[in-house]
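The chain contents come next:
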Amino acid sequence: MKIAVLVFPGSNCDHDAYHALKHVVSVDAQFVWHKEDSLEGFDGVVIPGGFTYGDYLRTGALAKLSPVMGAVRRFADGGGPVIGICNGFQILLEAGLLPGAMIVNESLKFICDYVTLRTETSRTPFTRTIPEGTRLRIPVAHYQGNYFADAETVKRIEGNGQVVFRYCDVAGNVTSEANPNGSVSSIAGICSEKGNVVGMMPHPERCTEPEMGSADGRLLFESMVSWIKENAR
Amino acid sequence: MKARIYVTLRKGVLDPQGKAIQRSLSHLGMEGVDEVRVGKFMEVTLAEMARPEAEKLLEEACRRLLANTVIEDFSFEIEG
Amino acid sequence: MKNVVVTPEVAKEHGLTADEYARIQATLGRDPNITELGIFSVMWSEHCSYKSSRIHLRKFPTKGPRVLQGPGENAGIVDIGDNLAVCFKMESHNHPSFIEPYQGAATGVGGILRDVFTMGARPIASLNSLRFGRPEHPRTPFLVEGVVSGIAGSGNCIGVPTVGGEVFFDECYDGNILVNAFTLGVVRHDRIFRGYASGIGNPIIYVGSKTGRDGIHGATMASGEFDEKSEEKRPTVQVGDPFTEKLLLEACLELMKTDCVEGIQDMGAAGLTSSTFEMASRAGTGFVMHLDRVPQRETEMTPYELLLSESQERMIIVARKGREQEVLDIFDKWDLDAAVIGEVTADGIARLLMDGVTVAEVPIAAVTDEAPIYDRPVERPAWQDDLNRLDLSALPAPSDLSESWLALMSCPEMADKKWVYRQYDYMIRTNTLVAPGSDAAVLRIKGTRKAVAISSDCNPRYCYLDPFVGGMLAVCEGARNVACSGAEPIGLSDCLNFGNPERPEIMWQFRSAIEGISKACETLAIPVVSGNVSLYNETMGKGIYPTPTVATVGLLEDADDRVVSWFRAEGDLVFLLGAERVDVELGGSLYLKQVHGRVAGVPPAADLAHEKRLCAFLKSAASKRLLASAHDLAEGGLACALAECCITRPDGPVGATVTNPFPESVRPDFALFSENQGRVLVSCRPADGAALLAAASEYHIGISQLGTVGGDTIVVADIARLNTAETYKAWSEGFANALGFGE
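Report follows, based on the coordinates.

Moving on to the interface of chain A and chain C. Every contact between the two is made by 28 residues of chain A and, on the other side, 31 residues of chain C. With both chains or domains summed, chain A and chain C bury close to 2,500 Å², and 58% of this area falls on carbon and sulfur atoms. Across the contact surface, chain A and chain C share six salt bridges. For C:Arg444, the salt bridge is made with A:Glu211, and the minimal N-O distance between the two is 3.6 Å.

If you want it as structure tokens, here you go:
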């Protein structure tokens, strides 16, 4: 099993994703430079966080033009598991692989903190082993994580079961106080219609070991591994 | 030839920056500013070409990169 | 610029004195041209030459068995075993941050990061020590917002966690804020790089951002007092591009895995000039440089401008001859400019050409070695005696001590700094074992069992009242903070912020503080391996408190030995280390300042021998896993430290009840808030109590069992009590409330 960790100019959570995959979940992980145009031989793709191209113009707007994004599109069309984390999520939105867009946090400030997420669906490769309703403690670290989609789109993705995570309080209630950035419907993560492409603002790769304050992020990567094993071609 | 491109947030998209600026203006005692929407302004220099051609080019640039039409509208004007 | 005729007046406008100008004429044997004058003026500025401070800085103990690189390079390096070392430095960006807080702070962070990765180290953590004016000063909230978002904007984007620091407010900083940035990196012994232009014929390669007219004369600005016209100096503040810096970081580290590099240095203050002259000076070489080959962002730049520009994100590399293309290829991969702009020569002369025409030719030693050194007059200020007078018996006793206690917990100096650090990405790189909020931040070193603990410290009130003692106490507190985390202090970096050195009283403060730091470092065996001096922190004759900030680095051989500062579990026992220290010490205390509005008296005494034993004991107790928590007693004394132990617990506040360690004859307010040094509140599981007592006596550390953790009140004997929830609320909201950041 081989997982690609994409590296764009300005990616900065690439090493953390690599560490979580290689040294915690113990799968083969490889960095893939953004100028590559093929993901041949990979079983999963992680688009890590960071400030690709300095977040200039809009977050993720310039990274979507990199050659590797064509390969990601083909990989996703083929049903392969893709997860975009933080800036990776923003890139997937800009590339049109996921619906909606990101705007600046309601507080107008960068937020680095632990939040609680409620798992809304187990239909994705990254949540298939995480029962619906499971609460996860995962950190966020972003300036533009305020998820926006128009009412119609929100209705559609909710109806399709494309909302994967919502921000909630420790008891699992979705409240406006527990929403760190103003995201519509407290959405923290979504998936594509088929479910194989997931984007989320919180950072599972930062909490795969208990000494980091939580090991809940590990569940997502282990879920992906189990999905890949089951769907081995 | 030169062109000016304006990218603004679409109606209905919350603009936290605009809201904060509006509040600050009213704190400064400048009443009468009801709403502020923050957008981007870009100045581009184009090679000489026919006007319709330039319009087509700018339209495509805005759609494909300069604006995200999920949240943003755009307009442009060509000088001369 | 080209046609400017150099006269003594022009030299004066460049910040050079008549004597200094005469010295330039003598050493060249002629008048310098304008380009040469520019070179001398920046290289002989206080910022680059340390001309007022150098003779005093020599007093620092800089050697030790672990020291691989002491002061004089881009950053210091200390061995941590297993072929690994930590590379670190603290640096000021005070003046630019006052003028343009966002960019000033952002470029300060960017600059210190470059100082560390230029040595070959991968930066893993940053700290920031920030000092602002009164919270109620009209400019303070603006400066706080700007500086904090600038640090966030730079550090978060580059991907180096900002894991702690200090935020302090006092009216002495109303016109001169302090922004001191620290970065620590990890480097393999065999991958350490230094700033040497060695190897005759080796190419000099410029890499990074293009050069523009940014910050011309930033170095001389950083060495001059502010006046009403400072606002007009705005254009000289550099603008940072953290994205380019991130690329530069990755490109440099990638390059350093090859063996192409002979020497490398960041272009900091005075840009191209200081980097090339310093590198040649260290190596005893000369160079030829073609200024027209420097990548340029603006047109028609003169040699003068190219040499003095402070455009950010640029480095100079001296590569091995014949390996140029490898260097250029790596920078091309990262979309960065790179150009061969000159080569190393043997003759010790700097020859600068523009389009083939020589525009400056000066001996390197004349600029570097022969820079002026001043032994400026030193005089103890006349006001010092008055300052040190404090009649405690005349101090009115507050009617409600619990209320005073709560007021201290919510004052911005003591209150929760989450408003600040929530804007910093303190988790990235997944090494942060102890996040902001404890006595020191602790970071693991992946691939080993080791961790490092880092803390930045200085109590400016103590330094104002007695700079010698204040200097000692800054070192002691730093050592204590890392020791409370279970680490052994192994090195420190200093950032010495003072007023105008041309005033003898300021030089007295400066000299005394250095002597204090030196004495403490010698006794505690902590080498000073890097540092920075920021003078002229004065506005219209009003100087800051002497503020010698120290950043202390500690080593944990086993990361699992780490200790946090907050109480962990109900029922745990609470002990006070240094419990025998019961003289009332309120000079310069937070209590005196916040409750009585005074800064006076003599600071608490420093007992260096005790501090040394205390650090050794804490490390030993941590490694035996006897400590559930350990928290240094600092501002606000026992009462504030106890409350912090209770309310900073990440999984929610907890109460505690303790006895009063002071004799009954001591006034209760003094007992609560006396700032005796060398004291630490520790807690342990009930089963470990006996072992802890025995271990303390083995190290000759006075220890007294004060009480237990539990309940929902924080109680000191029958003197004062606080409700945990109320205290938590006051403490967590105090910072934003004081600065008007609430909604």
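Turning to the packing of aromatic side chains, a few remarks are in order. All names here are of chain C. For the structure on display, the rule yields 20 aromatic pairs over all chains. When the ring of Tyr591 is compared with that of Phe673, the centres are 4.8 Å apart and the planes differ by 20°; the resulting orientation is stacked. Here Phe673 lies in helix α24 (residues 668-673) and Tyr591 lies in helix α21 (residues 590-596), a separation of 82 residues in the sequence. Accessibility assignment for this pair places Tyr591 and Phe673 in one class, buried. These aromatic residues form a ring-pair network of at least three members: Phe132, Phe169, Trp419, Phe735 and Phe741.

With that out of the way, let us pick up the side chain of C:Glu73. All names here are of chain C. Mapped onto the elements of the fold, Glu73 is located in the loop between β1 (67-69) and β2 (76-81). Residue class for Glu73 comes out buried when judged on its relative accessible area of 9%. Polar side-chain contacts of Glu73 include one of 2.9 Å to the backbone nitrogen of Gly195. Not counting residues within four places of it along the chain, the set of residues in contact with Glu73 comprises Met119, Arg194, Gly195, Tyr196 and Arg282.

What follows covers the nonpolar core. Counting 155 residues, the largest nonpolar core has A:Leu6, A:Leu39, A:Ile47, C:Val86, C:Phe331, C:Ile454 and C:Phe735 as the members making the most contacts within it. No other element matches helix α10 (residues 242-256) of chain C, which puts nine residues into this core. In contact with C:Phe331, other than residues within four places in its own chain, are C:Val207, C:Leu248, C:Ala251, C:Cys252, C:Leu255, C:Ile317, C:Leu336 and C:Ala338. Of all hydrophobic cores here, the second largest spans 50 residues; its members include C:Ala513, C:Val563, C:Val682 and C:Ile701.

The rules behind each value
Per-chain numbering applies: the sequence of each chain, read as written, is numbered from 1 onward. All chains are assigned letters beginning at A, and all ligands numbers beginning at 1, according to the order in which they are written. Where local features are concerned, this predicted model is filtered to residues with pLDDT of at least 70; where side-chain atom pairs are given and counted, the filter is 80 or more; whole-chain, interface and lining totals use all residues. Water and hydrogen atoms play no part in the side-chain values, which are based on all heavy atoms of the structure. By definition, residues are in contact when any of their heavy atoms lie within 4.5 Å. Take the accessible area each of two parts loses on contact, using a 1.4 Å probe, and add the two losses: that sum is the buried area. Between Lys or Arg on one side and Asp or Glu on the other, a salt bridge is scored when a side-chain nitrogen of the former is within 4 Å of a carboxyl oxygen of the latter. Paired rings are identified among Phe, Tyr and Trp, the last through its six-membered ring, by centres lying within 6.5 Å, and are further divided according to the angle between planes into stacked (under 30 degrees), edge-to-face (over 60) and tilted (the rest). Going along the chain from the N terminus, every DSSP run of H or I of four or more residues is numbered as a helix, and every run of E of two or more is numbered as a strand. Burial status follows relative accessibility: with a 1.4 Å probe on protein chains alone, a residue under 20% of its type maximum counts as buried, one over 50% as exposed, and anything between as partly exposed. N or O atoms closer than or at 3.5 Å make up a polar contact, with two conditions inside protein: a donor-capable atom paired with an acceptor-capable one, and, for residues adjacent in sequence, both atoms drawn from side chains. Only buried Ala, Val, Leu, Ile, Met, Phe, Trp, Tyr and Cys residues count toward a nonpolar core, and they belong to the same one when joined by side-chain atoms within 4.5 Å.

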